[in-house]
Every structure is written in C-alpha cells, then in structure tokens.
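# Architecture at a glance
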Amino acid sequence: MADHHHEEGPKVETVSEKLGDKIDVKDRSSSSSSSDSDDDKKSSSFKAKINRLFGREKPVHKVLGGGKTADVFMWRNKKISAGVLGVATALWILFEVLEYHLLTLVCHGLMLVLAGLFLWSNASSFINKSPPRIPEVSIPEKPVLQFASELRITINQFFAVLREIASGRDLKKFICVIAGLWFFSILGSSVDFLTLLYITVVLLHTVPVLYDKYEDQVDAFVEKALDELKKQYAVFDAKVLSKIPRGPLKDRKKD
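These notes cover the structure that comes with them. Numbering of residues begins from 1 in every chain and follows the order in which that chain's sequence is written. At least 70 in pLDDT is required for a residue's local features to be given in this predicted model, at least 80 for side-chain atom pairs to be given and counted, and no such filter applies to totals for whole chains, interfaces and linings, which use all residues. Heavy atoms from the whole structure form the basis of all side-chain values; hydrogens and water molecules are not counted.

Bringing the layout of surface pockets into the picture now. Every definition here rests on a 1 Å grid over the protein atoms only: cavities are sets of points where a 1.4 Å probe fits but cannot get out, pockets are open sets enclosed by protein on both sides within 12 Å along at least five of seven lines, and lining residues have some atom within 4 Å of a point. Grid points are joined across faces, edges and corners, and a volume is the space filled by probe spheres set on the points. Within this model, the second largest pocket holds a volume of roughly 200 Å³. For the second largest pocket, the full set of lining residues is Lys 172, Ile 175, Cys 176, Leu 229, Lys 230 and Tyr 233. Mapped by element, the contributors of at least two residues to the lining of the second largest pocket are helix 7 (171-190) and helix 9 (215-239). For helices the rule is a DSSP run of H or I covering at least 4 residues; for strands it is a run of E covering at least 2, with both sets numbered from the N terminus onward.

Within the element layout of this structure, Ser 189 appears in helix 7. Given a relative accessible area of 64%, Ser 189 falls into the exposed group. For this analysis, a polar contact is any N or O atom pair within 3.5 Å, provided that within protein one partner can donate a hydrogen and the other can accept it, and provided that sequence-adjacent residues contribute only side-chain to side-chain pairs. Within the structure, Ser 189 has its side chain in polar contact with the backbone oxygen of Ile 186 (distance 2.7 Å). For each residue, the accessible area found with a 1.4 Å probe, counting protein chains only, is set against the maximum for its type, and the residue is called buried under 20%, exposed over 50%, and partly exposed in between.

For Phe, Tyr and Trp, rings pair up if their centres lie within 6.5 Å, where Trp contributes its six-membered ring, and each pair is then called stacked (planes under 30 degrees apart), edge-to-face (over 60) or tilted (otherwise). The full count for this structure, using the stated rule, is three aromatic pairs. With 5.2 Å between their ring centres and 10° between their planes, Trp 92 and Tyr 198 make a pair best called stacked. A residue pair is termed long-range when its members are at least 10 positions apart, and Trp 92 in helix 4 (residues 78-97) and Tyr 198 in helix 8 (residues 193-213) qualify at 106 residues. For Trp 92, a relative accessible area of 25% corresponds to the partly exposed category. With a centroid separation of 5.6 Å and 70° between ring planes, the pair formed by Phe 183 and Phe 184 is classed as edge-to-face. Here Phe 183 falls in the partly exposed class, since its relative accessible area comes to 49%. Accessibility expressed as a relative area gives 53% for Phe 184, which makes it exposed. A ring is scored as having a charge over it whenever the NZ atom of a lysine or the CZ atom of an arginine sits within 6 Å of its centre and within 35 degrees of its normal. Lying across the ring of Tyr 233, Lys 172 places its NZ or CZ 5.3 Å from the centre.

In structure tokens form, the structure reads like this:
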C-alpha cells in the first residue's frame, strides 16, 4: 500500500505540471495575440493619421486609371512593362545616341515591308505557295469623332483656365503657373523633346511602383514639407502678396 501511494505522488505532480505548462502557454498566446492586435491598431491608426498625397483616397492603381495602362505602369504584367520600357530605350538610343531620323526610319521600314510583300506575291506561283494575305486597314469613324470631341473639350478647358489666370482673380495660381512655365522653359532649353519624353516614360514605370511600396513614409515626409511651405507662404503673403492690388474682376466679385 505504501508503495502504491508512493507511485501515485509523482503522477499527481506530473499532471499538475502539465496543467501549469498549458496555462502558461495559453497566457503567452493570449498576450502575444493581444500585443499583435495592439500593434495592428497602432499601425492602422498611424496610417489613418497620415494625409495621403494630393488628398488621395484611392489606391495608386485606381488613380492611374485602373486599366491596362495602370497595369503596365504598376508592373502587374512584368513582360509587357519590360517590353514597353525596352522599346522606349531602344528608340531613344536609335534617335538620340545613333542620331537616326524618324522620317528615314519610317521610309526604310516601309521599303523593306513593301519589297518583301511584293517579292512574296510574285514568287508564290513559282514556289507553289499561297500568296500573302494582306489585311485591309481602315480607320473607323466613331473612335476618331470621340477623340476629336474629347480633345475639343480639353482645349476649351485649357483656354478657360488661361483666361481665369490672366484676369487677375487668383494671384497664387498665377504665380504657380508662371513658375511652372519658367521651369519647363529652362528644361526645354537644356533637354530636347525626345529625351524629355523618354524620361517621362521611365518615371511612369518607376515612381508609381516605388510610391506604392513606400507610400506611408513618402506621405509623412510630404506632409511635413507642405506644412513648412504653407508657413513660408503665409509669411510671404503677409509681407508681399497682400500689398499687391487685385484685378478689377476680383473687386466686382467682392461688391
């Protein structure tokens, strides 16, 4: 009997130890899950506090249009994106580095295509092969009219903005437009149009992807920079801009 009680003692101890270990594991898992939830809440609250760039509420892909063009810029299909960037690089090297002219390239390409099709059509009867099927190419009327209508609306809006700026209603917008035109004039005098177009293509294939990856850090930095710019503009407005007389249209609106 004594031996029997002596054997039951360690069993009770081992069972109690196992129960204690399980309770410790549960406490640790619950504490870790609570800490993870707290971290998620902190990260979500941190993201909520950040003002997105230009007041953006949609993802970058939606801002770019959300279609196939946005897929190319966001590298959703890496083969197509790499192909577009490779073709743009090849054209830039061809026209800028090798100084090949566009009209010469088009003429040489048409000469090769027409000569190849002409020889194939005439030699098909001798080599017992079917002649090439040359498709009929025609431009439909509806897309052209839609493009012309949208272009007309865009041009009219551009003229309306220019008229509003020139009328003296908004001095801040006038200064921004003059500064932008001055910047592009300097850029155009130092870089030709094709190089500028190639730089734009490269930026469209790199900046949206990098911004989508590091948008929290970029938005926080831009928010601080904009706050500093607003402070500097307020000082400049109080000392300089407020002393400049407004245009006649602005006075009429106030009356």
